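# Report on the structure
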Amino acid sequence: MSTYVQPVAPTEGRLGHLTPEQTEKLQQFWVRLYDIFDGKTQFDQTAPSSFKGQNRDDDTPATPAPEKKSGWFGRGKAAEAPKEKAAEVAAPAPRFTGADIQKAFWKLTMMDHPDLIILKFIRARKWNLDDAMKMFLNALKWRIVERVDELIELSDSELDEKYPKFIEQMRIGKGYLRGADPLGRPMSVVNTRLHHKNDQPPETIHRFTLYTMECGRLVLGDNAETVIVIFDLSNFGLDNMDWGFVRLFVQCFESYYPETLGVCVVHRAPFVFWGLWKLIQPLLDPVVASKFVFTRNNAELHKVIPRERLPITHYEGLDDWKYEYVPGTPGENAPMKDVAKKEELVAERHALETKFESVTREWIKNINGKNSSERDEVAKSLREQYTRLTPYVRAKNLYQRLGVAHDGQVTWTYNVKA
C-alpha cells in the first residue's frame, strides 16, 4: 500500500502559467480549430465507433483495443453479427459540420475560459496537437450524440419523467457532491452498496452519471480544475458490480473530461473487489490508473481528505452534516419561460463569443508565444455573463438549491464540532 502525499496546486501547462513554447502550441491549436469551424480543413464527420450504437445494458468487462489512444473502454460489447447484417439494422451514423462543432464547443465552455478547456485536451495528449485535436473533436461529437445539454436544461422532475427512477438515485444518496479538499477540488461520493444494476433502467444510471459529471463542473472552486471521487466500497458485494457504469466512468475521465480526475479514492475495498480490480486495472489508461488511491480505513482516508471536510455520520469526520435530497419547488425555473429576456441574454452571449473569436483570430496571425490580455478580459466577461444567463438556460439542480453554487460562486459550509 503506497503512502499518499498531499499535492500542491499544479501550474505546469495551466492557464496563466504557460511557457512561450506552450503558448505557441495553444495558438497553433486555435489555428487548426478555426480551419475546422470555417470548413477549410476536412475532418472525420462521423461519430466514433466507441460511442455510437452501443448497448448500455452490456454487463461484461470491456476488451482492450490497443490501437486506440482515447481509452480502453467501449460503451458496450462489439456486435458479433457479420458486418453486412449489422449494416441492415444500424441507424445512419450522425454526421457533423464545422458549424456543429463550433456550436458544441461554446456549449461546452459555459463559465470557463475557452483556453482552459482546450489545454486539458492538449495536456492529456502530451502536447501532440494531432492527437489532441482528434480527442477534442471526438469529445465534442460525443456531447452532441449524448445530448449532454438536456441534462443541464431539464429539471429534476422532467429528467425523472424521461428516465424512470432518476430522482431515486439522488433521493437515496447513491452519488452526490459534498465539500472540497484544501485545493478547492470538489468531492464526489459514490455509495456502491446502494447500487443494484436491475433496480433502474441502464439508461437512467447512464444519464445520472453524466448529470453528476456536469454538476461537478458547476462546483469547481477558484483555480481548481479537477475533482476527487470517493468510491465507498463499504459492504460492497458482487451484486453491486455494474460493468456498464465502470466503462462509462473510466471513458469519461479518459476521453471526454480529460485532466478532470484529481484523485479516485477506493475506500474500504473488501476481498471480493480485488478479483474485479485485476480485470479493471490492465484496461485503464496509465495516467488515469495513477490517480487511484486505496484507503483501508478511515484513518487512511483522513490522510487524503481532512477530517473537517468529512461528515461525522461517515468516515469519522468532524463535519456535522448528513446528505439529504432537496426536491425542486414550483416556479424555481420560471426564468426559463421568460422568452424575451432569455433571447436578450443569449444574443449578448453570442456577441461575446464572436468578440472572443475575433480577438483570437487576430492573436493567431502571429504565432509568437505571447499571451493576449485582451482575450483574457473577454473571457472574464463571458464568465460574468454566463452567471446572468444561467437561470434562463439552465434548470436549477440540487447544489444550486443548497446554495453551494450561486451567482458564479462556490461555497461549501462545514459544521465542524469542537
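In the annotation of an unreviewed UniProt entry, the chain is listed under the name CRAL-TRIO domain-containing protein and assigned to Linnemannia schmuckeri.

## Focus on the overall build of the chain
What the chain contains, in helices and strands, is 16 helices and 7 strands. Per-residue burial for the chain yields a buried fraction of 52% across its 418 residues. Residue pairs in contact within the chain that sit at least 24 positions apart in sequence constitute 78% of those at least 6 positions apart. Split by element, the accessible area of the chain, about 20,200 Å² in all, is 54% carbon and sulfur.

## Points about the packing of helix α3 (residues 98-109) against helix α5 (residues 129-146)
For the pair α3 and α5, the least separation of the axes is 9 Å and the interaxial angle reads 85 degrees. Here α3 is positioned roughly perpendicular relative to α5, judged by the angle of their axes. On the side of α3, the interface is formed by Asp 100, Ile 101, Ala 104, Phe 105 and Leu 108, while α5 contributes Phe 136, Leu 137, Leu 140, Lys 141, Arg 143 and Ile 144. Classifying every residue of the contact of α3 with α5 gives 8 nonpolar, no polar and 3 charged.

## Here's the deal with the packing of helix α1 (residues 20-37) against helix α14 (residues 339-363)
At their nearest, the axes of α1 and α14 sit 10 Å apart, and the two run at 120 degrees to each other. Considering their axes alone, α1 and α14 lie oblique with respect to each other. For the pair α1 and α14, the sense of crossing is left-handed. Across the interface between the two elements, Thr 23, Leu 26, Gln 27, Trp 30, Tyr 34 and Phe 37 of α1 pack against Phe 356, Glu 357, Thr 360, Arg 361 and Trp 363 of α14. When its residues are assigned to classes, the contact of α1 with α14 shows 6 nonpolar, 3 polar and 2 charged.

## Considerations on α1
Look at α1: 26 Å from first C-alpha to last across 18 residues, which is about the 26 Å you get at 1.5 Å a residue. Residues Gln 22, Thr 23, Leu 26, Gln 27, Phe 29, Trp 30, Leu 33, Tyr 34, Ile 36 and Phe 37 constitute the buried set of α1. Directly beyond the C-terminal end of α1, a positive phi value near 80 degrees is found at Gly 39.

## Quick notes on the sheet that holds strand β3 (residues 227-232)
With mixed pairing, the 5 strands of this open sheet are ordered in space as β1-β2-β3-β4-β5. The open sheet has two edge strands, β1 (175-180) and β5 (292-295), and neither has a second partner. The mean angle between the axes of side-by-side strands here comes to 25 degrees, regardless of whether they run parallel or antiparallel. Examined bridge by bridge, β1 and strand β2 (residues 186-191) share 4 bridges and lie antiparallel to one another. The residue of β2 that forms the bridge with Gly 175 is Val 190. Its contacts with the sheet put helix α9 (residues 202-218) on β1 and β2, and the angle it makes with β1 is roughly 15 degrees. Helix α10 (residues 243-256) contacts β3 and β4 (261-267) of the sheet and is inclined by roughly 165 degrees relative to β3.

## Topic: the pairing of β2
Burial within β2 is extensive, with 6 of its 6 residues counted as buried. Residues Pro 186, Ser 188 and Val 190 line one face of β2 and the alternating positions Met 187, Val 189 and Asn 191 line the opposite face, and both faces are buried. Adjacent in sequence and paired antiparallel, β1 and β2 are bridged by 5 residues, among which Gly 184 carries a positive phi angle near 85 degrees. Bridge count between β2 and β3: 5 bridges; the pairing is parallel. Bridge assignment links Met 187 to a residue of β3, and that residue is Ile 228.

## What about unusual backbone geometry?
If a residue is not glycine, its phi is most likely negative; likewise, a peptide bond is most likely trans. Positioned with a positive phi, Arg 147 is a non-glycine residue whose angle comes to about 55 degrees. Checked against the element boundaries, Arg 147 lands in the loop between α5 and α6 (148-153). The class for Arg 147 is partly exposed, based on a relative accessible area of 36%. Positive phi is not limited to glycine here, since Asn 235 has a value of about 60 degrees. Inspection of the secondary structure puts Asn 235 in the loop between β3 and α10.

## Concerning the environment of Asp 38
Among the structural elements, Asp 38 can be located in the loop between α1 and α2 (83-89). Separated by 61 residues in the primary sequence, Asp 38 and Ala 99 have C-alpha atoms spaced 7.5 Å apart. Of the polar contacts made by the side chain of Asp 38, one reaches the side chain of Arg 361; its length is 2.9 Å.

## Thoughts on the packing of aromatic side chains
Enumeration according to the criterion identifies 28 aromatic pairs in this entry. Summarising the aromatic geometry, the rings of Tyr 176 and Trp 321 are spaced 5.8 Å apart at their centres and angled 55 degrees between planes, so their arrangement reads as tilted. Of the two residues, Tyr 176 is situated in strand β1 and Trp 321 in the loop between α13 (298-302) and α14; the sequence distance between them amounts to 145 residues. Here the two residues Tyr 176 and Trp 321 agree in accessibility, since each one is buried. Taken together, a centroid distance of 6.3 Å and an interplanar angle of 65 degrees make the contact between Trp 321 and Tyr 323 edge-to-face. On the basis of relative accessible area, Tyr 323 is assigned to the buried category, the value being 17%. One aromatic cluster is present, built from ring pairs that chain together Phe 29, Trp 30, Tyr 34, Phe 37, Phe 105, Trp 106, Phe 121, Phe 136 and Phe 356. The ring of Tyr 34 has Arg 361 sitting right over it, with the charged end atom 4.1 Å from the ring centre. If you follow Arg 375 out to its NZ or CZ, it ends over the ring of Trp 363, 4.1 Å from the centre.

Calculation notes
- Residues numbered from 1 in each chain as written.
- Predicted model: local features only at pLDDT ≥ 70, side-chain atom pairs only at ≥ 80, totals over all residues.
- Heavy atoms only, no water.
- Helix = DSSP H or I, 4+ residues; strand = E, 2+ residues; numbered from the N terminus.
- Buried < 20%, exposed > 50% of the residue type's maximum accessible area, 1.4 Å probe, protein only.
- Contact = heavy atoms within 4.5 Å.
- Areas by Shrake-Rupley, 256 points an atom, 1.4 Å probe, with all protein chains shown as cover.
- Axes fitted to C-alpha atoms, helices over the stretch in contact; angles between N-to-C directions.
- Parallel < 35°, antiparallel > 145°, perpendicular 65-115°, else oblique.
- Nonpolar A, V, L, I, M, F, W, Y, C, P; charged D, E, K, R; others polar.
- Left-handed = near helix turned anticlockwise from the far one by under 90°.
- Expected span 1.5 Å × (residues − 1).
- Pairing = 2+ DSSP bridges.
- Polar contact = N/O pair within 3.5 Å; in protein donor to acceptor, adjacent residues only side chain to side chain.
- Phe/Tyr/Trp six-rings, centres within 6.5 Å; stacked < 30°, edge-to-face > 60°.
- Lys NZ or Arg CZ within 6 Å of the ring centre and 35° of its normal.

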